[in-house]
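Breakdown of the fold
These are the residues of each chain, in order.
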Amino acid sequence: KQWYQRRVAITAGGDQSDEERCTNHFKCRTTENYYITVSKQCDGVIDCPDFTDECNDSCGNEIIDGTLLKIVSWTIGVLAVALNVYVAVENALSLKKCTSSVQLYTKSLVISISIGDFMVGLYIVLISIKDTIYGNDYCVSQAEWLSSVECSSLGVISTIGSQISLFSMTVLSLLRLRAVASRKIPGKAARVHSFIAIGIIFLIILASTVVAIVPLLTRFEDFFVNAMTYDNTNNLFIGLPDKEVHFNVLQEYYGRIRNKVTLSWSRINKMVDDMFSKEYNIDLGRKKVHFYGNDGVCLFKYFVKDNDPQLPYVYVILAINLGCFTIITISYIVINFISTKSSDHLDESKEQKKKNKEKNKEKNK
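These numbers were taken from a predicted model, which means no experiment stands behind them.

**Thoughts on a nonpolar patch on the surface**
- A surface patch of nonpolar side chains, amounting to about 370 Å² of accessible area, comprises L68, L69, V72 and I76.
- Here I76 is to be found in helix α3 (residues 67–93).
- Take I76: its relative accessible area is 45%, and that puts it in the partly exposed class.

Laid out in structure tokens, this is it:
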């Protein structure tokens, strides 16, 4: 078949002896004498059914590469979990002692920030555990990991945690700016302020959860599913084939296909099923590589290409986050300016009072 031959070097001899001595190809470690051009070795794209073109002595990767980075990950993760639990508990126990509404809101938001940072720390610990479990075997098992529920779950945890922290810091900066700019004595803490604080935190958690969950909704899979994985005995769809690879293979099999851009994953899966299942009655072992499966660490896909369908969504989230950072920065600049000006005014008042006292003493003499 033409779509099969595009990946396998065609040999003139049945024993592949004409290919064995060639230096312009790489032989995959399979019993089928599967060859690819040498330029495809270690190029970041899986071409061998057994992944040996990307997982060999010349190249390969782990979830977390490098001993130093592993140590740093474990250290930061454990400290983040322990310290943020301490901060959250300490502030939670002192909520009843708040004497003003501003103090109540501040402590509530600090607890919210601690929860977000705790989730990020938990993510780092869990991804470090997975890195330890897979070790050097991650490279050949990456398709299994990137398409797993665990990978997506870790991506959701890290995204929710980071967004909670960012949104909470944004609200906290605005709260402090309002308190400093108004120069009024804060009102006493009342039950209604507790409900307002709970409502603010609830909205922050809800917004963060929506940001993290939307990419996993089946309704939006054509925007967020990066690729599919198949059983490694399938030589047509090797590694992590995206829509482009599927389209090329399907077009070779079915002939010209219209509307390449609008070709949905559901239609692709149906066409692939018709290629295999009905005729050969085999299990394709197909799994989706979701939005968070773009890399072994399963993080939010902030770095997108121009042709990635999730680009608009990522840009919107980046714009929101940039807006939050801008608000935080401007708020604390203004707070610092007002505080410095008030301090200078206070110093001037003290100096004037001191001079007035000295004048009064001279008059009395």
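There is more to say after this.
**A word on helix α4 (residues 101–134)**
- Relative to the 50 Å expected for 34 residues at 1.5 Å per residue, α4 spans 50 Å between its end C-alpha atoms, a close match to the ideal helical length.
- Immediately beyond the C-terminal end of α4, within one or two residues, lies G135, with a positive phi of roughly 55 degrees.

**Here's the deal with the environment of S94**
- If you trace the backbone, S94 turns up in the loop between α3 and α4.
- Residue class for S94 comes out buried when judged on its relative accessible area of 15%.
- A polar atom in the side chain of S94 sits 3.3 Å from the backbone oxygen of E90.

**Some remarks on the nonpolar core**
- I160, F291, Y292, F300 and Y313 are the most contacted members of the largest nonpolar core, which has 27 residues in total.
- Looking at this core, the elements with two or more residues in it are α4, α6 (149–182), α7 (191–213) and α11 (311–364).
- No other element matches the 7 residues that α6 contributes to this core.
- Contacts of I160, omitting those with residues within four sequence positions, involve M119, S208, T209 and A212.
- Of all hydrophobic cores here, the second largest spans 17 residues; its members include M228, Y230, F237 and I257.

**Section: the state of the cysteines**
- Considering all chains together, one arrives at 2 disulfides under this definition.
- Shown here is the disulfide that connects C151 with C298, its sulfur atoms set 2.0 Å apart. Disulfide C151 to C298: torsion about the S-S bond roughly -115 degrees, handedness left-handed. In this pair, C151 sits in helix α6 while C298 sits in the loop between β4 (287–289) and α11, placing the two residues 147 residues apart along the sequence.
- Accessibility expressed as a relative area gives 0% for C151, which makes it buried.
- Judged by relative accessible area, C298 falls into the buried class, the value being 0%.

Cut-offs and rules
- Residues numbered from 1 in each chain as written.
- Predicted model: local features only at pLDDT ≥ 70, side-chain atom pairs only at ≥ 80, totals over all residues.
- Heavy atoms only, no water.
- Patch = residues over 30% accessible without salt bridge, like charges linked within 9 Å, V, L, I, M, F, W, Y side chains within 5 Å.
- Areas by Shrake-Rupley, 256 points an atom, 1.4 Å probe, with all protein chains shown as cover.
- Salt bridge = Lys/Arg side-chain N within 4 Å of Asp/Glu carboxyl O.
- Helix = DSSP H or I, 4+ residues; strand = E, 2+ residues; numbered from the N terminus.
- Buried < 20%, exposed > 50% of the residue type's maximum accessible area, 1.4 Å probe, protein only.
- Expected span 1.5 Å × (residues − 1).
- Polar contact = N/O pair within 3.5 Å; in protein donor to acceptor, adjacent residues only side chain to side chain.
- Core = buried A, V, L, I, M, F, W, Y, C linked by side-chain atoms within 4.5 Å.
- Contact = heavy atoms within 4.5 Å.
- Disulfide = S-S within 2.5 Å.

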